[in-house]
Amino acid sequence: MTLDIKLQELFTNNMTPYQMCRIVNRILADVGIEKVLPAPMFYTYVKKGYIPSNKNGRVNAAPAAVWTEAYILKALGE
C-alpha cells in the first residue's frame, strides 16, 4: 500500500531534523494518527543514519518522504 498524498511536495530540501519533525507531526495529525513525535527522536535518527542526511545533518525532501511514508504505513499496521 502507498499513501495517496504526495509527501515529497510537503518537505523542502536542506531541512533541519526539527523542521522535518514539525512537518511529520502535521502529516500524522492529518491522516488521523494521534501520536506526536518528539524532535530529539529526529536528531537521533539522523545521527544513526535511519533518516539519510547530508554532512551537515540536514535532510532533503526525498529521504524525508520515504521515511515518513514508511513510518505512517507501520503506524497504520500496513
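Check the entry above for the structure.
These remarks concern the structure in this document. (Residues numbered from 1 in each chain as written. Predicted model: local features only at pLDDT ≥ 70, side-chain atom pairs only at ≥ 80, totals over all residues. Heavy atoms only, no water.)

## Section: helix H1 (residues 17-30)
Put simply, the rule reads: Secondary structure elements follow DSSP: runs of H or I of four or more residues count as helices, runs of E of two or more count as strands, with numbering from the N terminus. To estimate how far a helix should reach, multiply one less than its number of residues by 1.5 Å. Accessibility here uses a 1.4 Å probe with only protein chains present; expressed as a share of the type maximum, an area under 20% marks a residue as buried, one over 50% as exposed, and anything in between as partly exposed. Contact between two residues is taken to exist if any of their heavy atoms lie within 4.5 Å; hydrogens are not considered.
With 14 residues, H1 ought to run about 20 Å at 1.5 Å a step, and its terminal C-alpha atoms sit 20 Å apart, in line with that. Listed as buried for H1 are Pro 17, Met 20, Cys 21, Ile 23, Val 24, Asn 25, Ile 27 and Leu 28. Each element contacted by the buried residues of H1 is listed here: helix H2 (39-48) and helix H3 (61-75). Looking one or two residues past H1, Gly 32 carries a phi angle of roughly 90 degrees, positive in sign.

## Quick word on the nonpolar core
Just so we agree on the cut-off: Residues grouped as a nonpolar core are buried Ala, Val, Leu, Ile, Met, Phe, Trp, Tyr and Cys residues, joined through side-chain atoms within 4.5 Å.
By size, the foremost hydrophobic cluster in this structure holds 23 residues, and its most contacted members are Phe 11, Met 20, Val 24, Leu 37, Phe 42 and Trp 67. Only H1, H2 and H3 provide two or more residues apiece to this core. Beyond its immediate sequence surroundings of up to four residues, Trp 67 is in contact with Met 20, Val 24, Leu 37, Met 41, Phe 42, Tyr 45, Tyr 50 and Ile 51.

## Observations concerning the packing of H1 against H3
In plain terms, the rule: Inter-axis angles, ranging from 0 to 180 degrees, are taken between N-to-C directions of lines fitted to C-alpha atoms, where helices are fitted over the stretch in contact. Convention used here: angles under 35 degrees read as roughly parallel, angles over 145 as roughly antiparallel, angles from 65 to 115 as roughly perpendicular, and any remaining angle as oblique. By the definition used in this description, the sense in which the near helix is turned from the far one sets the handedness, with an anticlockwise turn below a right angle giving left-handed and a clockwise turn giving right-handed. Residues are grouped as follows: Ala, Val, Leu, Ile, Met, Phe, Trp, Tyr, Cys and Pro are nonpolar; Asp, Glu, Lys and Arg are charged; every other residue, Gly included, is polar.
Two numbers describe how H1 lies on H3: the axes approach to 11 Å, and their chain directions differ by 40 degrees. With respect to each other, H1 and H3 are oriented oblique. The crossing of H1 and H3 is right-handed. When H1 is examined against H3, the residues Met 20, Val 24, Ile 27 and Leu 28 are found in contact with a partner set consisting of Ala 64, Trp 67, Thr 68, Tyr 71 and Ile 72. Grouping the amino acids of the contact of H1 with H3 by side-chain chemistry returns eight nonpolar, one polar and no charged.

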